[in-house]
Amino acid sequence: MPETRPNLLVVFCDQLRRDAIAAFGDPNVETPHIDRLAQNGVSFTNACSSYPICVPFRFTLMTGEYAHSRFVPGIEWRMSPAERTLADEFNAGGYESIYLGKWHLYGGHALLPGHSTRKANLTPVPRVHQGRWQKWLGFELRNGHFDTCYYEDDDPTPRPIETYQTDGLFNLAMEHLEDRRDTDKPFACVISVEPPHFPYEAPAALEARWKDRPMSVPPSFQARDQEERERFLTLRRLYYAMVENLDMNVGRLRAWLEKTGLAQDTIVVFFSDHGEMGGCHGIPTAHKQYPYEESIGIPLIVHDPRYPERANLRLPAPTCTEDLFPTLLGLCGLEPANSLPGTNLAPLIRNEDAGPDRPGVLLEYVAETRANSLFHVETWRGFRSERFKYTVLGDVNGGKPWQFFDLETDPHEMNNLIDDPAWEEEIRCHHGWMRDRMVETEDLYILKPAWGMEGLNIWDVDVPRIDPAIVSQDLDL
């Protein structure tokens, strides 16, 4: 590694599908600045969000651990201050750690007064719950892109962002890095923006550009009737307007890096926490949670200016959320203090090795605590290889084979091959790989026997029933 340590600038957004970027094949949207970032750097064409919903992704990004290791539900969860975080690693490595934007690891809605995103927006995250980022310019969540407040460090005063949230957070990041950072240290800075997460709203000029614009949709785009189709299309247009605003800000940021002389010393990493269904498979626009590519497929782009010979490289090896923690450290020449389940992809990005020696990555939906929500009763596990995707679905009695797709011939996942005997051997391999990874990572998900393999975590034990009256008497209740 060069003696001068690079800066690290991480841009991550909420709910951006991999396929909603022109560089990854979208025929509708214009994303010249993100496309240029991909042309300058390394793109992972099969990057996956292991657990496609906000809170568990952020937990894994901050700790490097699988969400199932802490039984993290889809939402309404608070990360323990005892967790060793990404900020701890950069702090120990001599970096100034800076976090801007959405946090969503302090309880979200229900653990805060009023059970609303408005209350969350006006409730500061206590310093002890900020993951030990040295500089904090963040908020729990808002879901209101024209009405967002942030907080600085331990100051409980809400500071309104006077513009559209994405514009304002990028402004704030550039102002801090130019005028207020510690110039004696390299920086590790995260910019976390909510758009294109709902609500579907963008600056007026972009909304006007997208109003009633003709669009091509994938074959998986389905609606029950014409009214629903038009509603899906309207939201999809607004979504693209939000994506184009994000792209403009990526362009502004890179131009600022050039202007300030930081571009050659700063690694830029771009990704999202998960995608969204967007009306595909007949599933409403804002939903994620599913193992479909629209949901788990995320962009992952790394531009390290020290390696120009790696420009415009597209790597097909599947990646998972758990890889991000060790990779972000590895790009800066650091290693995690703890043993973690993910893979450091930095040597692959720099062409120092051939990449992960594994058949694919584990996917999961651990728990949904909200009644009447998706996957509240049944949850799933899956395995994504470069060509195929396998999933199981089940309730408290255990997961059973659910879906198997050949993504090479069926990229829109229209033909479920789970019952096709011609694919039985391939399905058996994926079930075995998934099962092995669950065992390796101590996943307590109940898995039913399938494809000639025993189940997992199935306990057939005759536990004697305890008489409640005796318990009450013993405890003097």
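Owing to the predicted nature of the structure, the values given are computational and were not obtained by experimental measurement.

> In this structure, what is going on with the sheet that holds strand β14 (residues 398-406)? I would like to understand it.
Strand-to-strand pairing in sheets goes through backbone hydrogen bonds, with the strands running parallel or antiparallel. Taken in spatial order, the four strands line up as β11-β12-β13-β14 in an open sheet, and their pairing is antiparallel. Of all the strands in the sheet, the pair left with one neighbour each is β11 (360-365) and β14. Neighbour-to-neighbour, the strand axes of this sheet turn through a mean angle of 15 degrees, independent of strand direction. With eight bridges connecting them, strand β13 (residues 388-395) and β14 associate as antiparallel partners. Residue pairing for β14: Lys-389 is matched across the bridge by Phe-405. The sheet strands contacting helix α11 (residues 424-440) are β11, β12 (379-385), β13 and β14, and the helix crosses β13 at an angle near 65 degrees.

> Is there a simple way to think about the packing of aromatic side chains in this case?
Centre-to-centre distance and the angle between the planes together describe a pair of aromatic rings. The tally for this structure, following the rule as stated, stands at 24 aromatic pairs. An angle of 50 degrees between the planes, with centres 6.1 Å apart, marks the rings of Phe-57 and Phe-271 as tilted. Note that Phe-57 is positioned in helix α2 (residues 54-63) and Phe-271 in strand β8 (residues 266-272), a separation of 214 residues in sequence. With respect to burial, Phe-57 and Phe-271 carry one shared label: buried. Arranged with centres 5.2 Å apart and planes meeting at 15 degrees, the rings of Phe-388 and Phe-404 form a pair that is stacked. Taken together, the residues Phe-388 in strand β13 and Phe-404 in strand β14 connect sequence positions 16 residues apart. Both residues of the pair, Phe-388 and Phe-404, belong to the buried class. By the ring-pair criterion, three or more aromatic residues cluster together here, those being Tyr-51, Tyr-290, Tyr-292, Tyr-365, Phe-375, Trp-380, Trp-402 and Phe-405.

> Honestly, the environment of Pro-160 in this entry has me stumped. Any pointers?
Counting through the fold element by element, Pro-160 comes out in strand β6 (residues 159-161). Separated by 120 residues in sequence, Pro-160 and Cys-280 have C-alpha atoms that sit 36 Å apart. For Pro-160, the residues in contact, after removing those within four places along its chain, are Thr-148 and Cys-149.

> Where do I start with the layout of surface pockets in this structure?
A probe matching the size of a water molecule, rolled over the atoms, marks out where space remains unfilled. Approximately 610 Å³ is the volume found for the largest pocket. Those elements that provide at least two residues to the lining of the largest pocket are α7 (226-259) and α8 (293-296). In terms of residue class, the lining of the largest pocket is built from eight nonpolar, eight polar and 13 charged. Roughly 360 Å³ of volume is contained in the second largest pocket. Around the second largest pocket, the lining is made up of 19 residues, and of these Phe-71, Val-366, Thr-379, Leu-444 and Tyr-445 lie nearest the centre. Of all the secondary-structure elements, those providing two or more residues to the lining of the second largest pocket are β12 and β13. Within the lining of the second largest pocket, the residues separate by chemical class into eight nonpolar, five polar and six charged.

> What exactly am I supposed to notice about the packing of helix α5 (residues 165-179) against α7 here?
How two helices pack is summed up by the angle between their axes together with the distance between the axes. The contact between α5 and α7 brings their axes to 10 Å, and the two run at 15 degrees. One element, α5, and the other, α7, form an angle in the roughly parallel class. Classified by chirality, the crossing of α7 by α5 is right-handed. Between α5 and α7, the contacting residues are Thr-166, Asp-167, Phe-170, Asn-171, Met-174, Leu-177 and Glu-178 on the first element and Asn-245, Leu-246, Asn-249, Val-250, Arg-252, Leu-253 and Trp-256 on the second. In the contact of α5 with α7, the residues fall into seven nonpolar, four polar and three charged.

> Before we go on, may I ask you to explain the pattern of salt bridges in this structure?
For side chains of opposite charge, pairing can occur when their charged atoms come near one another. Going through the model one piece at a time under the given rule, you end up with 33 salt bridges. Notably, a salt bridge pairs Asp-19 with Arg-17, separated by 2.7 Å at the nearest N-O pair. Note on Asp-19: relative accessible area 33%, which makes it partly exposed. Here the salt bridges do not stand alone but share partners, grouping Arg-127, Lys-135, Glu-152, Asp-153, Asp-155, Arg-159 and Arg-180 into one network.

> Whenever I open this one, the nonpolar core confuses me. Can you help?
Note on soluble globular proteins: their nonpolar side chains tend to be buried together. Residues Leu-8, Phe-44, Phe-90, Trp-103, Val-269 and Phe-271 are the most contacted members of the largest nonpolar core, which totals 69 residues. Those residues in contact with Val-269 that lie beyond four places of it in its chain are Leu-8, Leu-9, Val-10, Val-11, Leu-300, Ile-301, Val-302, Leu-328 and Leu-331. One finds Ile-21, Ile-34, Met-242 and Phe-270 within the second-largest nonpolar core, a separate group that totals 52 residues.

> What exactly am I supposed to notice about the sheet that holds strand β2 (residues 42-44) here?
Pairing is mixed across the open sheet formed by ten strands, whose spatial order is β6-β5-β4-β3-β7-β1-β8-β9-β2-β10. A single partner strand is all that each edge strand has here, and the edge strands are β6 and β10 (313-315). Averaged over all neighbouring strand pairs, the angle between strand axes comes to 15 degrees, with direction disregarded. Examined bridge by bridge, strand β4 (residues 135-139) and strand β5 (residues 148-152) share two bridges and lie antiparallel to one another.

> Teacher, can you tell me more about α2 here?
Structural remark: α-helix, 3.6 residues per turn; residues separated by three or four positions point the same way. Of all ten residues making up α2, ten are buried, and the element is well covered by its neighbours. Among the residues of α2, Cys-54, Val-55, Pro-56, Phe-57, Arg-58, Phe-59, Thr-60, Leu-61, Met-62 and Thr-63 are the ones counted as buried. Where the residues of α2 are buried, they touch β1 (7-13), α3 (86-92), β3 (96-102), β7 (187-193), β8 and α9 (324-331). Following α2 by one or two positions, Gly-64 has its phi on the positive side, about 80 degrees.

Each value, and the rule that gives it
Residues numbered from 1 in each chain as written. Predicted model: local features only at pLDDT ≥ 70, side-chain atom pairs only at ≥ 80, totals over all residues. Heavy atoms only, no water. Pairing = 2+ DSSP bridges. Helix = DSSP H or I, 4+ residues; strand = E, 2+ residues; numbered from the N terminus. Axes fitted to C-alpha atoms, helices over the stretch in contact; angles between N-to-C directions. Contact = heavy atoms within 4.5 Å. Phe/Tyr/Trp six-rings, centres within 6.5 Å; stacked < 30°, edge-to-face > 60°. Buried < 20%, exposed > 50% of the residue type's maximum accessible area, 1.4 Å probe, protein only. 1 Å grid on protein atoms, 1.4 Å probe; cavity = no way out; pocket = protein on both sides within 12 Å on 5 of 7 lines; lining within 4 Å. Points joined across faces, edges and corners; volume = space filled by probe spheres on them. Nonpolar A, V, L, I, M, F, W, Y, C, P; charged D, E, K, R; others polar. Parallel < 35°, antiparallel > 145°, perpendicular 65-115°, else oblique. Left-handed = near helix turned anticlockwise from the far one by under 90°. Salt bridge = Lys/Arg side-chain N within 4 Å of Asp/Glu carboxyl O. Core = buried A, V, L, I, M, F, W, Y, C linked by side-chain atoms within 4.5 Å.

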